Amino acid sequence: MDSQWFVLAPLSKAAHASFCVLLLVLLVLLLFLLLKQMPAGAKAASAGLLLATIGFFSWIYWQANTAGMSVSAKTLDIKVPLYSQSIALSHLKLQHARQINLQDKETPSLSWRTNGVGLPGYSLGWFRLESGNKAFAAISDSHNVVMLPTDLGYTLLVSTADAPSFLA
């Protein structure tokens, strides 16, 4: 079986706005830093750190727009910035996989981010669910999420552009 590629749901307007505001704030800080009177070494080090941070978040934003999943005969590969995963299909509890809306009260919801990126409209990385269970999330559309339990001690929560065909 050839691998099938599934595009993750595109970033929402809120996620685009969050990234743009974050980058704008970092650029304003950089401008403020460059105009401030301070020793040249401190200015250079601070500007370098800010430029690296701007580059890092720009890269995450760029990669978030091209994220996806690949399903082959043996593995599910989730290609997302920083947190790409490769999971053997044998570890997925496919009989319990389903499409959910995180806005519904009766579905699991994210509680604490333990390691990842959390911006309005975009959640990526490791989280705790309200139930206390561990979850790996790549969510850009909370209304269209695929929930895939695993036997590895965590659940996958992934937004995909076409959940029904992914689940099929």
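Residues numbered from 1 in each chain as written. Predicted model: local features only at pLDDT ≥ 70, side-chain atom pairs only at ≥ 80, totals over all residues. Heavy atoms only, no water.

1. Re the overall build of the protein
Scanning the protein for helices and strands turns up three helices and ten strands. Secondary structure of the protein in N-to-C order comes out as β-α-α-β-β-β-β-β-β-β-β-β-α. Taking the principal axes of the C-alpha coordinates as reference, the protein spans close to 65 × 40 × 30 Å. Within the protein, contacts between residues at least 6 apart in sequence are counted, and of these 51% link residues at least 24 apart. (Helix = DSSP H or I, 4+ residues; strand = E, 2+ residues; numbered from the N terminus. Contact = heavy atoms within 4.5 Å.)

2. Concerning unusual backbone geometry
If you check the backbone angles, leucine 82 has positive phi at about 70 degrees while not being a glycine. Tracing the backbone through its elements, the reader meets leucine 82 in the loop between β3 (75–79) and β4 (85–88).

3. Some points on the pairing of strand β2 (residues 68–71)
Residues Gly68 and Ser70 point to one face of β2 and Met69 and Val71 to the other, with burial holding for every one of them. In this structure, strand β1 (residues 4–7) lies alongside β2, joined through four bridges in antiparallel fashion. What sits directly across from tryptophan 5, in β2, is serine 70. Bridge count between β2 and β3: four bridges; the pairing is antiparallel. Across the sheet, residue serine 70 finds its bridge partner in β3, namely aspartate 77. The loop that links β2 with its antiparallel partner β3 comprises three residues. (Buried < 20%, exposed > 50% of the residue type's maximum accessible area, 1.4 Å probe, protein only. Pairing = 2+ DSSP bridges.)

4. As for the nonpolar core
Of all hydrophobic cores here, the largest spans 31 residues; its most connected members are Leu76, Val80 and Leu156. If we ignore the near neighbours within four places in the chain, the residues touching valine 80 are Leu8, Ala67, Leu124, Phe136 and Ala138. Leu129, Ala135, Ala137 and Ile139 belong to the second largest nonpolar core, which has ten residues in total. (Core = buried A, V, L, I, M, F, W, Y, C linked by side-chain atoms within 4.5 Å.)

5. Considering the pairing of β3
Where β3 lies against β4, four bridges are found, and the strand directions are antiparallel. Considered in β4, the bridge of threonine 75 is made with alanine 88. In this antiparallel pair of consecutive strands, β3 and β4, the connection spans five residues, and leucine 82 shows a positive phi of 70 degrees.

6. Thoughts on a nonpolar patch on the surface
A cluster of nonpolar side chains, Val21, Val25 and Leu29, forms an exposed patch at the surface whose accessible area comes to about 250 Å². With respect to the helices and strands, the residue valine 25 is situated in helix α1 (residues 13–35). On the basis of relative accessible area, valine 25 is assigned to the partly exposed category, the value being 45%. (Patch = residues over 30% accessible without salt bridge, like charges linked within 9 Å, V, L, I, M, F, W, Y side chains within 5 Å. Areas by Shrake-Rupley, 256 points an atom, 1.4 Å probe, with all protein chains shown as cover. Salt bridge = Lys/Arg side-chain N within 4 Å of Asp/Glu carboxyl O.)

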